[in-house]
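# Examination of the molecular architecture
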Amino acid sequence: MRLLDGLEVVNRDKRLKVARAILYLAQGVFGECETEAEVLHWARYNNFLLYQMGTFTAFLELLNMEMANSQACSSALRKPAISLADSTALRLLLSVMYLMVETIRVEKETDPPEWKTSRETFRTELSFPVHSEEPFALLLFTMVTKFCSGHAPHFPMKKVLLLLWKVLVFTLGGFEALQAMKVKKREEVGLPPLPEDSIQVMRSMRAASPPAYAIELIEQQQQQQQKRGHRSRRPLMKQDSLDIYNERDPFKNDEAAADEDEIDDIDNGIEGEVDMMERDTVVQPVLVSRPPVERVSFPKGLPWAPKVRQKDIEHFLEASRNKFIGFTLGQDTDTLVGLPRPIHESVKTLKQHKYVSIADVQIKNEEEMEKCPLSLGEEDVQETPCELLYRVMLYNLPQYMIALLKILLAAAPTSKAKTDSINILADVLPEEMPITVLQSMKLGIDVNRHKEIIVKSISALLLLLLKHFKLNHIYQFEYVSQHLVFANCIPLILKFFNQNIMSYITAKNSISVLDYPSCTVHELPELNAESLETGDNNQFCWRNLFSCINLLRILNKLTKWKHSRTMMLVVFKSAPILKRALKVKQAMMQLYVLKLLKIQTKYLGRQWRKSNMKTMSAIYQKVRHRMNDDWAYGNDIDARPWDFQAEECTLRANIEAFNSRRYDKPQDSEFAPVDNCLQSVLGQHLELPEDFHYSYEVWLEREVFSQPIHWEELLHYQ
């Protein structure tokens, strides 16, 4: 309580000294602890105590004061180079707030009941603010836009974005909470339960071995030929089919690395079949006396239940009726008169796997609201944290999306340093530039780590926003998606992946001995160039893998069922970039890469499909099947290029109609009830200007007496 009183003093330096003391408490009073577990225990205890004493509200007031500190902004704008010293106060406040949000957010079984109550109160406080008009997340979004506009270049973006991400996870809910909300919402709108839990299916999926590349394969082929000598009977390779060998046996399981002779025999066995499949050249397959051994261990059944949309059933019946009867029945999917038996069976199978999403129901409801606004009356909108966040973000949403993508571009490892790009390193560069080699190496690692954390937090919060808005209302999701697409999000993500993705995922930009809380308890060893180079023992940088998966999922969300955006993937030549990403042997990442390849295969041409049969097989094995989806052949009726522009325009018109209907509610609406009672109309109190009684007679003369009234015109209208 004494420390909290100290936050109220006028002297800024004294306030910061007290804030540092509170930060020490929030970090677990590490000076008096001996083990890491002890530090974490007291950090958790202290953060709950700090919240219960009202520390968060006090720090929120201080944060508002520091944001409005024009002196700090103007001094930062004047400086040629901004350093850590310019953002000390802000970093201090944001660190305490981050520790409180992250500690209280995480649930543990051992938490006492009062902590659970505090957690729920804190969540409500952040979602539905009492004192201010806006949720806390909006304040952080405002900091992001201020930073990007150049008005506050000293804002510590890494801490702001991390805190924003954690606040969204806490208030809206993480992916597992989202899945539970989805199940509940499907029940509410009267839809059948989901065919499977996608999170569980993904956890059980295994990664496939990455595709081999042309040089590796040619070398491998030469070695095999030398070993086999006269047994080699590979036909001449066509020049235009060189790319075939990019995909030669890419998804072979690691466990199948048997001895070389056995592999040679397997090669002999299936070589003819592969050549027949992958080349125009006709090759007579050579029969082998013993049965061929399968290289790929296929899973028992496919991992995902197939889905069918209502639209797919309508298309199938339209084609069948045109073929067998000669006319169609529009959207009627029940009348099967005149159609042969196999078509009846097909329709039955399609209907068994029919999947109606929450989005389909919402779009249908929206169409009805547009058609009959009077008869359906006011829409009952549930006041959820997500709904409130969208409402307050709505009018500045394009600026928020552009700002996030600007920072993502600046933090991407493929970005070149440009003079006009924003400086995201303001809260990592020291005042004194490094002198020794060791200091330079340490700063280099810090800068890379800093960028990685920024990419991680932006990718996570964008994906979280998209998923929550999609569940809340499809047009909220579409509005955010459209602004991301307009702000060049698709080429930006492809640019991010146009690098050596394996080296990015195995990057070691962290110094484990300096990680919290180990650095506070253990004696720090002397750092040298060798220890910095070796880094930690982790095989992967999980932070970067997480970022990559999130960015791929965002790309999937933006392009799914949108032909115009899928064409953007084709135009930007994403196929080779995505194929390179398949080298990362992680099941979830491979799944989202294969999904992105699947949606564009129909546009890539027959030659590409022929040359990439192994990738096509992987798509078949791992990605959900949509019955009647012609992804592997390219005969899709929806893939007409002249409709692309119209598709985006229609979507935009629907979004604008939704936003204006739900969020623009003018008082003098054309649907407002009209008062027809003469007495009540004349009895209304009207505010007249002060000088009106001076010019009242002039007004009567001009507007009433001098205007001829043609009473006979009323007779014509009857």
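Quick caveat: nothing in here was measured; it's all calculated off a predicted structure.

When helices and strands are counted, the protein chain shows 35 helices and 0 strands. Within the protein chain, the proportion of its 718 residues that are buried is 44%. Taking the intrachain contacts of the protein chain between residues at least 6 apart in sequence as the baseline, contacts between residues at least 24 apart amount to 79%.

Quick look at helix 5 (residues 70–78) now. All of the buried residues along helix 5 are Ala72, Cys73 and Ala76. With its buried residues spanning 100° around the axis, helix 5 presents them on a single face. Turned more than 90 degrees off the buried face of helix 5, the exposed positions are Ser70, Gln71 and Arg78. The opening residue of helix 5, the one whose side-chain oxygen lies 3.1 Å from the backbone nitrogen of Gln71, is Asn69.

Let us look at the packing of aromatic side chains. Applying the stated criterion across every chain yields a total of 18 aromatic pairs. Ring centres of Phe48 and Trp115 lie 4.2 Å apart, and the angle between their planes is 5°; this geometry places the pair in the stacked category. On the criterion of sequence distance, the pair formed by Phe48 in helix 3 (residues 36–52) and Trp115 in helix 7 (residues 113–127) is long-range, its members being 67 residues apart. For Phe48, a relative accessible area of 0% translates into the label buried. The exposure class assigned to Trp115 is buried, which follows from its relative accessible area of 13%. Look at Tyr390 and Phe469: their rings are 5.3 Å apart centre to centre, the planes differ by 75°, and that puts the pair in the edge-to-face class. Of this pair, Tyr390 sits in helix 18 (residues 385–393) while Phe469 sits in helix 20 (residues 437–472); the two residues are 79 residues apart in sequence, bridging distant segments of the chain.

Here the idea is simple: oppositely charged side chains can pair when their charged atoms come close. According to the stated counting rule, one finds 20 salt bridges in the structure shown. Here Arg123 and Glu120 are joined by a salt bridge, their closest N and O atoms 2.7 Å apart. On the criterion of helical spacing, the pair formed by Arg123 and Glu120 is a turn pair, its members being 3 residues apart in helix 7. One salt bridge in this structure joins Arg543 and Glu452, with 2.9 Å as the shortest N-O distance. Taken together, the residues Arg543 in helix 26 (residues 542–559) and Glu452 in helix 20 connect sequence positions 91 residues apart.

Moving on: the packing of helix 9 (residues 157–172) against helix 18. Closest axis-to-axis distance for the helix 9/helix 18 pair is 9 Å, and the angle between their directions is 135°. The angle between the axes of helix 9 and helix 18 places the two elements in the oblique class. From helix 9, Leu168, Thr171 and Leu172 reach across to helix 18, where they touch Pro385, Cys386 and Leu389. Counted by class, the contact of helix 9 with helix 18 contains 5 nonpolar, 1 polar and no charged residues.

Take a nonpolar patch on the surface next. A grouping of Met1, Trp42, Tyr45, Leu49 and Met53 is seen on the molecular surface, where their side chains present a nonpolar patch of about 530 Å² in accessible area. Topologically, Tyr45 is positioned in helix 3.

If you trace the backbone, Gly338 turns up in the loop between helix 14 (310–324) and helix 15 (341–352). Since its relative accessible area comes to 57%, Gly338 is described here as exposed. Distance from Gly338 to Arg321, taken between C-alpha atoms, is 8.3 Å for residues 17 residues apart in sequence. Not counting the four nearest positions on each side in its chain, Gly338 is found in contact with Phe324 and Ile325.

Here the focus is unusual backbone geometry. In this structure, the amide linkage connecting Tyr516 to the following residue, Pro517, adopts the cis form with an omega of 5°. Residue position: Pro517 is located in the loop between helix 23 (501–505) and helix 24 (518–521). The residue Val29 is not glycine, and still its phi comes out positive at about 45°. Topologically, Val29 is positioned in the loop between helix 2 (12–26) and helix 3. On the basis of relative accessibility, which here comes to 16%, the residue Val29 falls in the buried class. The phi torsion at Asn488 lies on the positive side, around 65°, for a residue other than glycine.

Judged by nonpolar contacts, the single largest core of 147 residues is most densely connected at Leu63, Phe136, Met393, Met401, Ile407, Phe497 and Met589. At 14 residues, the largest contribution of residues to this core is made by helix 20. Among all residues touching Met393, those that are not within four sequence positions of it are Leu138, Phe141, Tyr400, Met401, Leu465 and Phe469.

Of note, Glu314 is situated in helix 14. Among buried charged residues, Glu314 stands out as having no salt bridge; its nearest opposite-charge side chain is Lys354, 7.5 Å away. Glu314 has contacts with Gln331 and Thr333, leaving out every residue within four places of it along the chain.

Quick look at helix 16 (residues 358–371) now. Along an α-helix, a turn takes 3.6 residues, which lines up residues three or four apart on a common side. The terminal C-alpha atoms of helix 16 lie 20 Å apart, and with 14 residues this matches the ideal 20 Å at 1.5 Å per residue to within 8%. Among all positions of helix 16, only Ile358, Ala359, Val361, Gln362, Glu366 and Met369 are buried. One side of helix 16 carries all its buried residues, which in axial view fall inside an arc of 155°. For helix 16, the exposed residues lying more than 90 degrees away from the buried face are Lys364 and Lys371.

Our focus in this paragraph is the confidence of the model for the protein chain. This prediction gives the protein chain a mean pLDDT of 83; 83% of its residues lie at or above 70. Across residues 230–299 the pLDDT falls below 50, and counting only partners more than four positions away or on other chains, this stretch makes 102 contacts in the model.

Another point: the side chain of Thr559. Inspection of the secondary structure assignment puts Thr559 in helix 26. Exposure remark for Thr559: the relative accessible area of 0% places this residue in the buried category. With near-sequence residues (within four places) excluded, Thr559 lies in contact with Ile490, Arg565, Thr566, Leu569, Leu596 and Ile599.

Thresholds applied
Residues numbered from 1 in each chain as written. Predicted model: local features only at pLDDT ≥ 70, side-chain atom pairs only at ≥ 80, totals over all residues. Heavy atoms only, no water. Helix = DSSP H or I, 4+ residues; strand = E, 2+ residues; numbered from the N terminus. Buried < 20%, exposed > 50% of the residue type's maximum accessible area, 1.4 Å probe, protein only. Contact = heavy atoms within 4.5 Å. Arc of directions from axis to C-beta. Polar contact = N/O pair within 3.5 Å; in protein donor to acceptor, adjacent residues only side chain to side chain. Phe/Tyr/Trp six-rings, centres within 6.5 Å; stacked < 30°, edge-to-face > 60°. Salt bridge = Lys/Arg side-chain N within 4 Å of Asp/Glu carboxyl O. Axes fitted to C-alpha atoms, helices over the stretch in contact; angles between N-to-C directions. Parallel < 35°, antiparallel > 145°, perpendicular 65-115°, else oblique. Nonpolar A, V, L, I, M, F, W, Y, C, P; charged D, E, K, R; others polar. Patch = residues over 30% accessible without salt bridge, like charges linked within 9 Å, V, L, I, M, F, W, Y side chains within 5 Å. Areas by Shrake-Rupley, 256 points an atom, 1.4 Å probe, with all protein chains shown as cover. Core = buried A, V, L, I, M, F, W, Y, C linked by side-chain atoms within 4.5 Å. Lys, Arg positive; Asp, Glu negative; His and termini not counted. Expected span 1.5 Å × (residues − 1). pLDDT = per-residue confidence, 0-100.

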